[in-house]
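So the chains spell out like this:
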Amino acid sequence: MPAVTETREQVEKLGQSSYKWGFETDIEMDFAPKGLNEDTIRLISARKEEPEWLLDWRLAAFRAWQTMTEPTWAKVTYPPIDYQDAHYYAAPKKKPGPKSLEEVDPELLRTYEKLGIPLHEQALLVGVEVPEGEEARLPVAVDAVFDSVSVATTFRKTLSEAGVIFCPISEAVRDHPDLVRKYLGSVVPAGDNFYAALNAAVFTDGSFVFVPKGVRCPMELSTYFRINARNTGQFERTLIIVEDGASVSYLEGCTAPMRDENQLHAAVVELVAMEDAAIKYSTVQNWYPGDENGLGGIYNFVTKRGACRGARAKISWTQVETGSAITWKYPSCILQGEGSVGEFYSVAVTNNHQQADTGTKMIHIGRNTRSTIIAKTISAGQSDSTYRGLVRMMPKASGARNFTQCDSLLIGDRCGAHTVPYIENRNMSARIEHEATTSKISEDQMFYCRQRGLSEEDAVGLIVNGFCKDVLRELPMEFAVEAQKLLQISLEGSVG
Amino acid sequence: MTVVTDIKRKQDLCRDVAETSGVKKMSELLKISGLHASIDADGTPKEILRGVDLVIPPGEVHAIMGPNGCGKSTLSYVLAGREEYEVTAGSVSFIGRDLLAMEPEERAAAGLFLAFQSPVELPGVNNANFLRTAVNAVRRARGETELDAVGFLKAVRAATKNLSMSDDMLKRNVNVGFSGGEKKRNEVLQMTMLQPKLAILDETDSGLDVDALRIVAEGVRNLRSPDFSALVITHHQRLLDYLGPDRIHVMAKGRIVRSGGPELAKQIDVEGYASFLAEAA
Ligand SMILES: Nc1ncnc2c1ncn2[C@@H]1O[C@H](COP(=O)(O)OP(=O)(O)OP(=O)(O)O)[C@@H](O)[C@H]1O
Ligand SMILES: [Mg+2]
């Protein structure tokens, strides 16, 4: 029996779950038929009115994908995925642009409300006209990826005045074809790996960011991802290009509706940083992890990679991963430019039956390149978490340095944490440092906290937040607060 | 010293009022009866407390003295609710409630505070943040309003000043890298902020220099009121000199074998525990 059908049946019997942000919006959907073949891809491409070259690129990726097999080296197990048992395209039915919020599908607004998006921002999201000057007060630009189609993009004006392009990738294909064609697949090639190839073949949307020479993006860019349609895999594709001396901070956050089926998510994120450019990419990931028995959660197979093409370019990945049933994710940096810098700050929390195999790759190609890896792994319940990190010093990477710190925190004694560092050094002058620790929250610590009046959950929250401090402080302010709450919520019921 | 006598007089008045008005509860803040507790030592239960009887009225300071390993810390852990110890017999009432039926955090909220013999390190947890979380958890449980950042800062500044402590300790992680004396002072700071009804101080005076010892004693004396009692576990006469305890209890082999006035401590100082051990046998 395919995994989806099996879990659907089992989960339906379980009824209410404790997942806090489990809600599902009922908006009329426009589906592609189930199944994956060249016709599906042609349909997607046609719906999006894509140019010939992109269809060809997709088809080439699909043909490559057909010859590939799912990777099995990660320390995760799950029932086989039936790729034919899913829809690969779903778009909210198009309506003419609304004049006011009253005209907007109330279901959609309710979803935004549950996500905590303020009303005036909601108006911007659905494209309602806003009086002059209104948008200037808002600190964050949100490009809501509501299911596969970006429903709306905000702050276009402020951004475009600064010369920044921030739009759904399908729009970028239409409006900035040369840029997209030049960079799409230049960091993560279409045939890079099984999931990346699948994504290249069927991606339906995602964000596109271009920051021109010398421009500091005037606001943090943020995208809310929602997985919303039953049985629709999500294949987002994000492309961020930052030119010489420019910089951007990009936030990606998501909570998912309660699901009764396993859902595959295979996103690709490509970052390109030129000379003296800086990209900060922050993620708070809270997809439905499945119930206490591990049923029904989301499978998250992501390829994220950044290329520091120019000298002194800097790419910084920060992630707080609390959700998904299975996480397979290795945000990486290719450090080509001399003196370029790669950073990876990660907190991965697993509870109940969650499985995470995550880490990073730092490929040092240029001279004096530097990378820092701080990975914090927290395992509770019967979960299993693996840090897998590769540091590779290429022959020309003279004077390159890496520092890696991997800390694991175990809560209870039925969970597991593993650290798998791969180190390849082909340059004698390169320096690699690796530190790893494993600790447990001790009974002494718990008792001490409780004697001071803290509940077990408060105590765990305090200790866990302390454990993750070095990573959390890398997050933009509003994200850090959300992440702290999330950590506590995802560990509820893990002690005692 | 006059202050202390004043307070003592107040307490006596209180007790008189309580007794004449027939409120029996007032005469026993804590009542331990026939308490037996054991610990699992490699699979076999090992009895450590073998019938402890003890009563502490409100407003009094009592001391427990006794040789190493007689069960003093064990008693404090059992009172605070440590799960490793199994209570096999006996009962404990605290402000009229069944203490043994309460969770450790409920006991804390009810006003029981334990200054640990070996305070625990919490890596990564900021001391001020910990203290504020604890104070607010307890206030919430007591139905009081929580302190905001400003209110907390004010209160904690006042407390550190009172204890002649530097604010630096607040910026560090809970007990991490603290010297022995700093850890003890941190316990006293927590005690001050949490405003307990009963503070158990397990050798809080050990390893302290003379000045620190005076500060700790000051910390306890500042709290002295008809609503505050302390159970001080100590090996040293000096702290008792500062505190002027109402009663001294001698513990040996898991039992209170003798109780008396402050003169008992002086006797121990001179004679040691030999005669008490004989009594316990
Ligand atoms: N986990 C344990 N396993 C085995 N024995 C234990 C355990 N904990 C305490 N004990 C024993 O219980 C007895 C009482 O210990 P406790 O710490 O209460 O003594 P104490 O009176 O506080 O001594 P001290 O004056 O040295 O602090 C000791 O013999 C100790 O070895
Ligand atoms: Mg002791």
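Residues numbered from 1 in each chain as written. Chains lettered and ligands numbered in written order. Predicted model: local features only at pLDDT ≥ 70, side-chain atom pairs only at ≥ 80, totals over all residues. Heavy atoms only, no water.

## Side note on the interface of chain B and chain A
No. 1: Between chain B and chain A, the contact holds 36 residues from the first and 18 residues from the second.
No. 2: Of the roughly 2,100 Å² buried between chain B and chain A, counting both surfaces, carbon and sulfur atoms make up 60%.
No. 3: Counting across the chain B and chain A interface gives five salt bridges.
No. 4: The salt bridge involving arginine 450 of chain A is made with glutamate 83 of chain B; its shortest N-O contact spans 3.3 Å.
No. 5: Counting across the chain B and chain A interface gives 15 residue pairs in polar contact (both at pLDDT 80 or more).
No. 6: Taken together, the elements giving at least two residues each to the side of chain B that touches chain A come down to helix 2 (72-80), helix 3 (104-110), strand 6 (112-115), helix 4 (127-141) and helix 7 (180-194) of chain B.
No. 7: A total of seven residues in the side of chain B that touches chain A trace back to one element, the largest contributor, which is helix 4 of chain B.
No. 8: Partitioning the side of chain B that touches chain A into residue classes produces 20 nonpolar, eight polar and eight charged. (Contact = heavy atoms within 4.5 Å. Buried area = accessible area lost by both parts, 1.4 Å probe. Salt bridge = Lys/Arg side-chain N within 4 Å of Asp/Glu carboxyl O. Polar contact = N/O pair within 3.5 Å; in protein donor to acceptor, adjacent residues only side chain to side chain. Helix = DSSP H or I, 4+ residues; strand = E, 2+ residues; numbered from the N terminus. Nonpolar A, V, L, I, M, F, W, Y, C, P; charged D, E, K, R; others polar.)

## Thoughts on the site of ligand 1
All names here are of chain B.
No. 1: The immediate surroundings of ligand 1 are formed by 15 residues, with Gly69, Lys72, Ser73, Thr74 and His235 found nearest.
No. 2: Asparagine 68 is positioned with one of its side-chain polar atoms (N or O) 3.0 Å from an oxygen atom of ligand 1.
No. 3: Here an oxygen atom of ligand 1 sits 3.3 Å away from a polar atom, N or O, in the side chain of glutamate 203.
No. 4: Burial of ligand 1 by the protein amounts to 66% of the accessible area it has alone, namely 630 Å². (Near = heavy atom within 4 Å. Areas by Shrake-Rupley, 256 points an atom, 1.4 Å probe, with all protein chains shown as cover.)

## With respect to the sheet that holds strand 2 (residues 44-56) of chain B
Residues and elements named next belong to chain B.
No. 1: Taken together, the four strands give an open sheet; going across it, the order is 2-1-4-5, and neighbouring strands pair in antiparallel fashion. For this open sheet the edge positions go to strand 2 and strand 5 (97-98), each flanked by a neighbour on one side alone.
No. 2: Pairing geometry for strand 1 (residues 30-41) and strand 2, over 10 bridges, is antiparallel. Bridge assignment links alanine 37 to a residue of strand 2, and that residue is leucine 49. (Pairing = 2+ DSSP bridges.)

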